[in-house]
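# Examining the three-dimensional arrangement
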Protein chains: 2
Amino acid sequence: MEQNKLSKATLGRVPVYLSFLKSLDENIKTISATTIAKQLGFGEVQVRKDLGAISATGKPRVGYIRSELTARLEELLENEDGNAVIVGAGRLGKALLDYTGFKDYGINMLAAFDVKISDEETSKGGKKLLPVSELSSFCKKNNVKLGVIAVPTKNAQDVCNLLCESGVKAIWCFAACRLYKPADVIIQYENMALSLAHLKMQVK
Amino acid sequence: MEQNKLSKATLGRVPVYLSFLKSLDENIKTISATTIAKQLGFGEVQVRKDLGAISATGKPRVGYIRSELTARLEELLENEDGNAVIVGAGRLGKALLDYTGFKDYGINMLAAFDVKISDEETSKGGKKLLPVSELSSFCKKNNVKLGVIAVPTKNAQDVCNLLCESGVKAIWCFAACRLYKPADVIIQYENMALSLAHLKMQVK
């Protein structure tokens, strides 16, 4: 997949480009990098670099074909393999479950799992809360490839094992630990304290 | 401040080095980079680079003076200017308020503020929940330099203004927006969806 090479910063701007293109009058069929940059307040070099990285090529004196560029951006954010689950339905897990920003990036946050859940509970946002005993069958049935670990550190390895056995290929881990995992599974650790500590360090 | 130059990755390992040094038998007065690397499972080059970046210099055949190295690491994590507040006491705000990992990095998460708070409420973890009308006086009284924005996007700019007027110099913003701010205030944006989307993109 060529998307693999997109930087996080460029990916972050994909929904911005897309909503801008969709907001244009329907008579506009082509658009230049200069116009996009000016309208969005981005640098022109950055726009050219971003659109180049997503394999869109503008034509001299014409610019980008709007329909082609829109299709390419949509393809990048498409929902294929975007089904995700959270394990750990504490405050963090529930906050992530009801967070509405995921869908802008083609991620369907389907449900959160925990040991203490009884049955047929839902979150404030109407998402499913399910017992962890159902995790594996749920992931297989819904072809879930993304898992979020929001359990205490002492349970994180068990949850990781369970997610990997259930077919999950990428794990976003909020527990403060290092996990053992199969070679074909990617783990990204999120250390909330470190982000704030690093920000603090830059003051003054 | 020389700490300004520490990378986030190095800073992330500071608590690990520190707890390792503290765990050693008290008779151990010096320690080599080789031993630290072996015991922690880090690369030796990385350990030398990390400790070099925090201005610790080992002596040939002796290694690092344990007491000096410990003091230097503690200094990096010291609590000066580590007082922080959260604005927005929804799920995310409360999850961050009770998150126990901040103290490892010298951050005191003191309280969360919201419009809907009545009085003398506390979080599950026993932290203060206060009405936002008290934010400014609280920040000034407690010399708060760090603020977290965990309110909906439409309220984020007002909260940012209030934090800046209250003396906050670094803001960690979870709202999906760009904020106007004084030149001497640093803002770091946290886009949770983007982190997961970028992870998703690396699968396969």
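Up top you'll find the structure we're talking about.
No experiment lies behind these values; they were computed from the predicted model shown.

Helix and strand counts for chain A stand at eight helices and nine strands. Each principal axis of the C-alpha distribution contributes one length, and for chain A these read about 60 × 45 × 35 Å. Partitioning the contacts of chain A with sequence separation of at least 6, the portion at a separation of at least 24 is 56%. For chain A, the accessible area works out to roughly 10,300 Å², and carbon and sulfur atoms hold 51% of it. For chain A, the centre of its 28 positive side-chain charges and the centre of its 22 negative side-chain charges are spaced 7 Å apart.

Now for the packing of aromatic side chains. Overall, the coordinates contain ten aromatic pairs over all chains when judged by the stated rule. Here the aromatic rings of Tyr17 of chain B and Phe42 of chain B are separated by 5.8 Å at their centres, their planes lie at 85°, and the arrangement is edge-to-face. With a gap of 25 residues between them, Tyr17 of chain B in helix α1 (residues 8–23) and Phe42 of chain B in the loop between α2 (33–40) and α3 (44–53) connect regions that are remote in the sequence. Where Phe102 of chain B meets Trp172 of chain B, the ring centres are 6.5 Å apart and the plane angle is 90°; that geometry is what we call edge-to-face. With Phe102 of chain B in the loop between α5 (91–97) and β4 (108–114) and Trp172 of chain B in strand β8 (residues 170–173), this pair connects stretches of sequence that are 70 residues apart. The class of Phe102 of chain B is buried, set by a relative accessible area of 1%. A network of ring pairs unites the aromatic residues Tyr99, Phe102, Trp172 and Phe174 of chain A as a single cluster. The ring of Tyr189 of chain A is capped by Arg178 of chain A, whose NZ or CZ atom sits 4.0 Å from the centre of that ring.

In this section: the pairing of β4 of chain B. For a regular strand, side-chain orientation follows a simple rule: the groups alternate between the two sheet faces. Residues and elements named next belong to chain B. The buried fraction of β4 is high, at five of seven residues. As paired elements, strand β3 (residues 83–87) and β4 share five bridges and run parallel to each other. Following the sheet pairing, Ile86 is matched in β4 by Ala112. Regarding the hand of the β-α-β motif, the stretch spanning β3, α5 and β4 is right-handed. In the sheet, β4 pairs with strand β6 (residues 128–131) via four bridges, with the strands oriented parallel. Residue pairing for β6: Asp114 is matched across the bridge by Pro131.

Turning to the interface of chain A and chain B, a few remarks are in order. Taken residue by residue, the interface counts 51 residues in chain A and 51 residues in chain B. Together, Arg91, Lys200 and Met201 of chain A form the three largest contributors to the area buried by chain A at its contact with chain B, with a combined 17%. Put simply, chain A and chain B have two salt bridges between them. For the pair chain A and chain B, the interface holds ten residue pairs in polar contact (both at pLDDT 80 or more). Residue assignment for the side of chain A that touches chain B shows that the elements contributing at least two residues are α1 (8–23), α5 (91–97), β7 (146–149), β8 (170–173), β9 (186–189) and α8 (192–201) of chain A.

Another aspect to go through is the pattern of salt bridges. Residue and element names in this part refer to chain A. This structure, assessed with the given rule, holds twelve salt bridges over all chains. Ionic pairing is found between Glu74 and Lys22, a salt bridge with its closest N-O pair at 3.0 Å. Taken as a pair, Glu74 in helix α4 (residues 66–76) and Lys22 in helix α1 lie far apart in primary sequence, 52 residues in all. Lys22 gets classed as exposed once you look at its relative accessible area, which sits at 51%. Of the charged contacts in the structure, one is a salt bridge between Glu44 and Arg48, with a shortest N-O distance of 2.7 Å. Remark: Arg48 and Glu44 occur in helix α3 (residues 44–53); sequence separation between them is four residues, near one turn of the helix. In this structure Arg48 comes out as partly exposed when scored by relative accessible area, which is 45%.

Each value, and the rule that gives it
Residues numbered from 1 in each chain as written. Chains lettered and ligands numbered in written order. Predicted model: local features only at pLDDT ≥ 70, side-chain atom pairs only at ≥ 80, totals over all residues. Heavy atoms only, no water. Helix = DSSP H or I, 4+ residues; strand = E, 2+ residues; numbered from the N terminus. Contact = heavy atoms within 4.5 Å. Areas by Shrake-Rupley, 256 points an atom, 1.4 Å probe, with all protein chains shown as cover. Lys, Arg positive; Asp, Glu negative; His and termini not counted. Charge placed at Lys NZ, Arg CZ, Asp CG, Glu CD. Phe/Tyr/Trp six-rings, centres within 6.5 Å; stacked < 30°, edge-to-face > 60°. Buried < 20%, exposed > 50% of the residue type's maximum accessible area, 1.4 Å probe, protein only. Lys NZ or Arg CZ within 6 Å of the ring centre and 35° of its normal. Pairing = 2+ DSSP bridges. Right-handed = clockwise from strand over helix to strand, strands pointing away. Buried area = accessible area lost by both parts, 1.4 Å probe. Salt bridge = Lys/Arg side-chain N within 4 Å of Asp/Glu carboxyl O. Polar contact = N/O pair within 3.5 Å; in protein donor to acceptor, adjacent residues only side chain to side chain.

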